[in-house]
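What follows is the residue order along each chain.
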Amino acid sequence: MTVNTWWVGVAPLVAAVVLKIVGAVILYIVGRWLIGLAISLLTRVLTARKLDPTLQRYIANILAVSLNVVLVVAILGYFGVETTSFAALLAGVGLAVGAAWSGLLANFAAGAFLIIFRPYKVGDYVIAAGVEGTVVEIGLFNTTITAPDNVVLIVGNSKVSGDIIRNFSDHAYRRVDRTAQLAFGVDALDAIARLKPALAAIPNVIADPAPDVEILDFNNLGTVLAVRPYCHTSHYWQVYFDTNKLIAATFGAAGYPAPHVVQENRTA
């Protein structure tokens, strides 16, 4: 067999393979362009509806992965590969990966619910999953919180969504809870009358609701007062410490004695 005769027999097969490869490349390029177009259109629609940017990324990523899988299956089908068995294999691999990454997927799903139902947003001061601080980021898998001591805390979204969430920023103000101990013999009503107007003068204490100063309890030292000013969350610690200083200064200026345990004199 001569080279010319061999080439005449092989040429149609080579031409068919080249055409298949060229067709697959064109199919891939067109498919990727269509996927990009679909994601772009979806993003525009979601942006027009003012959907949360993090949720937009969730939806766009899911659509991109799904369409790319469809594109790969279509290219394999174009080459004559049995796509039914491939789809079954892909499903099996997906199941195995899902079982191995169950915790990661749980965080992903929980993150989607956090974005949709919005128990908190970036900038809110919360206690979630046992940690306290300001929400910096709600990611695909984790929530990032900056604690009051400026430590960054990264918590899995599934742990956050499965626990009690306390959002201190959801309302316009919060209450600062302090107590003031009076000694026996000190007039509690006099102390209340001194503290109430002084509390209202603390910077960032709001007027409505007005600060509360009431008799909370009695113990072996004397009377215990509840001292409760109200302020915005961002001013909480400033009002907290200023209230402590105010109690000490007010009681000192009034000449109240220091609380002490009163010993009972018993005769035989």
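Residues numbered from 1 in each chain as written. Predicted model: local features only at pLDDT ≥ 70, side-chain atom pairs only at ≥ 80, totals over all residues. Heavy atoms only, no water.

J.: What is the right way to read the packing of aromatic side chains from this model?
T.: Aromatic rings considered in pairs are described by the distance between their centres and by the relative angle of their planes. Per the counting criterion, the structure on display carries nine aromatic pairs. Ring geometry for tyrosine 236 and tryptophan 237: centres 5.0 Å apart, planes at 85 degrees, overall edge-to-face. Residue class for tyrosine 236 comes out buried when judged on its relative accessible area of 11%. Through successive ring pairs, a cluster of aromatic residues spans Tyr236, Trp237, Tyr240 and Phe241. Sitting over the face of the ring of phenylalanine 168, arginine 174 holds its NZ or CZ atom 4.1 Å from the ring centroid. Note that arginine 174 overlies the ring of tyrosine 236, its terminal NZ or CZ placed 3.7 Å from the centroid. (Phe/Tyr/Trp six-rings, centres within 6.5 Å; stacked < 30°, edge-to-face > 60°. Buried < 20%, exposed > 50% of the residue type's maximum accessible area, 1.4 Å probe, protein only. Lys NZ or Arg CZ within 6 Å of the ring centre and 35° of its normal.)

J.: Can you help me understand the pairing of strand S8 (residues 212-219) in this one?
T.: Within a regular beta strand, the side chains point alternately toward one face of the sheet and then the other, so they alternate between its two faces. The pairing of S8 with strand S9 (residues 222-228) spans seven bridges and is classified as antiparallel. Each bridged residue has a counterpart across the sheet, and for glutamate 214 the counterpart in S9 is alanine 226. The antiparallel hairpin formed by S8 and S9 contains two residues in its connecting segment. (Pairing = 2+ DSSP bridges. Helix = DSSP H or I, 4+ residues; strand = E, 2+ residues; numbered from the N terminus.)

J.: Explain helix H6 (residues 188-200) to me, please; I cannot follow it from the model alone.
T.: Every α-helix carries 3.6 residues per turn, so stepping three or four residues along brings you back to the same face. Spanning 13 residues, H6 covers 19 Å between terminal C-alpha atoms, matching the ideal 18 Å at 1.5 Å per step. Every buried residue of H6 is accounted for by Ala188, Ala191, Ile192, Leu195 and Leu199. One side of H6 holds all its buried residues, which, seen down the axis, span an arc of 100 degrees. For H6, the exposed residues set more than 90 degrees away from the buried face come down to Leu189, Ala193 and Pro197. One side-chain oxygen of the residue at the start of H6 lies 3.0 Å from the amide nitrogen of leucine 189, identifying that residue as aspartate 187. (Expected span 1.5 Å × (residues − 1). Arc of directions from axis to C-beta. Polar contact = N/O pair within 3.5 Å; in protein donor to acceptor, adjacent residues only side chain to side chain.)

J.: Is there a simple way to think about the sheet that holds S9 in this case?
T.: Overall, antiparallel pairing links the three strands, which are arranged S7-S9-S8 in an open sheet. Edge positions in the sheet fall to strand S7 (178-181) and S8, since each has one partner strand and no second. Each strand axis lies, on average, 30 degrees off the axis of its neighbour in the sheet, ignoring direction. Alignment of S7 against S9, held across four bridges, turns out to be antiparallel. Bridged to threonine 179 within S9 is alanine 226. (Axes fitted to C-alpha atoms, helices over the stretch in contact; angles between N-to-C directions.)

J.: Just checking my understanding: could you explain the side chain of threonine 144 for this structure?
T.: Along the chain, threonine 144 turns up in strand S3 (residues 142-146). Threonine 144 sits in the buried class, given a relative accessible area of 15%. Discounting residues that sit within four places of it in the chain, threonine 144 has contacts with Thr134, Val135, Val136, Glu137, Val152, Leu153 and Ile154. (Contact = heavy atoms within 4.5 Å.)

J.: Hey, could you run me through helix H7 (residues 236-254) in this one?
T.: Between the first and last C-alpha of H7 there are 27 Å, a value that for 19 residues agrees with the 27 Å anticipated at 1.5 Å per step. For H7, every residue scored as buried is listed here: Tyr236, Val239, Tyr240, Asp242, Thr243, Leu246, Ile247, Thr250 and Phe251. Residues of H7 that are buried sit in contact with strand S6 (174-175), S7, H6, S9 and strand S10 (230-231). Of the residues trailing H7, glycine 255 is marked for its positive phi of about 75 degrees.

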